[in-house]
Amino acid sequence: MNNEGEAMFIGIDVGGTAIKYGVILRTGEIVKKGQMPTIHEKENFLQSIEVLIKSLQQDAVIEGVGISAPGIIQKDGTMITAGSIKSLYGINLKLELEGRVKLPVIVENDANAAAIAEKWLGHAQTCENYLCLVVGTGIGGGIIVNNRLYRGSHGMAGEFGWMLIDSLPEQGNLESVSLNQRAAIVGGLCHQYQLALQQLGRSDLPKDAIEIFQRGEQGEVVANQVISQFFQDLSVGLLNLISTFDPELILVGGGVSENDGFMTRLEETMSQLKARHESIGYLEGRTIAPIQRAKLKNDAGMIGAVYQLMNQ
């Protein structure tokens, strides 16, 4: 890095399996980046972040650290939940890290951070009201209303994956018909495909969602049925969000969104369902928000968290 005199910040995007990080200029340019495995034990997790920050400080004058993380995160940095990282539930990550690294730290929900990044440097620069949907293990969302991030009363706004989209089961966990378990990638597409295979007595489980799509392209009936239902369920969720928020734009992020075939299929399914919904069909082309791939991809979380830090 050769940016002497420039303000620099560390952006850290915490995921369930990997932590992505970067050194970011005030312009949003990432001048160094990398990733490391996520440690799920609390003390070792905190130590790994501390070591990372201090090592990056050796090459640059760092003014602060912006962290993007899964879960319900209150404005003061308290992690009510933290996705699959159970050991972080209930801790104040901001205070924990500020005490260790002696730098300002901000902690933001990953979908909120992605939405903020899209406003700064992405496809939402001219929008005042838009939604950002992150499709991954589950489905999270960021809500921007009148150019401001909407958090809700407890930092929980945007948990779009909790929405129920189908007939309720007579007993058991209602989340079996939630967007998370029907239209996310791991909890939805992969889970539903595995259930379908088990019902047929098959044990040839796929490695990941990419393999499911490949099997569909090869003409496998079960894969195509599950994929078709997946896109329908995701589209139903998007139509509900359009009806509820009346956004200018919905941006879809997460690794799967980088696949051109995914976005094409989603747009086709959305068009089919909108045409069959009398009210939405009438308003198509007038007030119904378009769906678009998020621009900043895997860097969105760390960029959005740093932007929040710079502007707090």
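Preceding this section is the structure that the text describes.
Because the structure is a prediction, the values reported are computed rather than measured. (Residues numbered from 1 in each chain as written. Predicted model: local features only at pLDDT ≥ 70, side-chain atom pairs only at ≥ 80, totals over all residues. Heavy atoms only, no water.)

Moving on to the sheet that holds strand β8 (residues 148-149). Here five strands make up an open sheet; going across it, the order is β8-β7-β6-β9-β10 and the pairing mixed. This sheet does not close on itself; its edge strands, each paired only once, are β8 and β10 (291-293). Here strand β9 (residues 249-253) pairs with β10 via three bridges, running parallel. If you follow Leu-251 over to β10, its bridge partner there is Gln-292. (Pairing = 2+ DSSP bridges. Helix = DSSP H or I, 4+ residues; strand = E, 2+ residues; numbered from the N terminus.)

The next point concerns the packing of aromatic side chains. Using the criterion set out here, one finds six aromatic pairs in the structure. Here Trp-120 and Tyr-307 contribute two aromatic rings whose centre-to-centre distance is 4.8 Å and whose plane-to-plane angle is 40 degrees, an arrangement assigned as tilted. Of the two residues, Trp-120 is situated in helix α3 (residues 110-121) and Tyr-307 in helix α10 (residues 300-311); the sequence distance between them amounts to 187 residues. Looking at Tyr-307, the relative accessible area reads 27%, which means it is partly exposed. Ring centres of Phe-213 and Phe-231 lie 6.3 Å apart, and the angle between their planes is 50 degrees; on these two criteria the pair is classed as tilted. (Phe/Tyr/Trp six-rings, centres within 6.5 Å; stacked < 30°, edge-to-face > 60°. Buried < 20%, exposed > 50% of the residue type's maximum accessible area, 1.4 Å probe, protein only.)

This part is about the pairing of strand β4 (residues 62-69). Among the eight residues that make up β4, seven are buried, leaving the element largely enclosed by the rest of the structure. As defined by bridge partners, strand β1 (residues 8-14) adjoins β4 across five bridges and the pair is classed as parallel. What sits directly across from Ile-10, in β4, is Val-65. Pairing analysis gives five bridges linking β4 to strand β5 (residues 105-109), with the strands arranged parallel. Residue pairing for β5: Ile-67 is matched across the bridge by Val-107. Handedness of the crossover joining β4 and β5 through helix α2 (residues 93-101): right-handed. (Right-handed = clockwise from strand over helix to strand, strands pointing away.)

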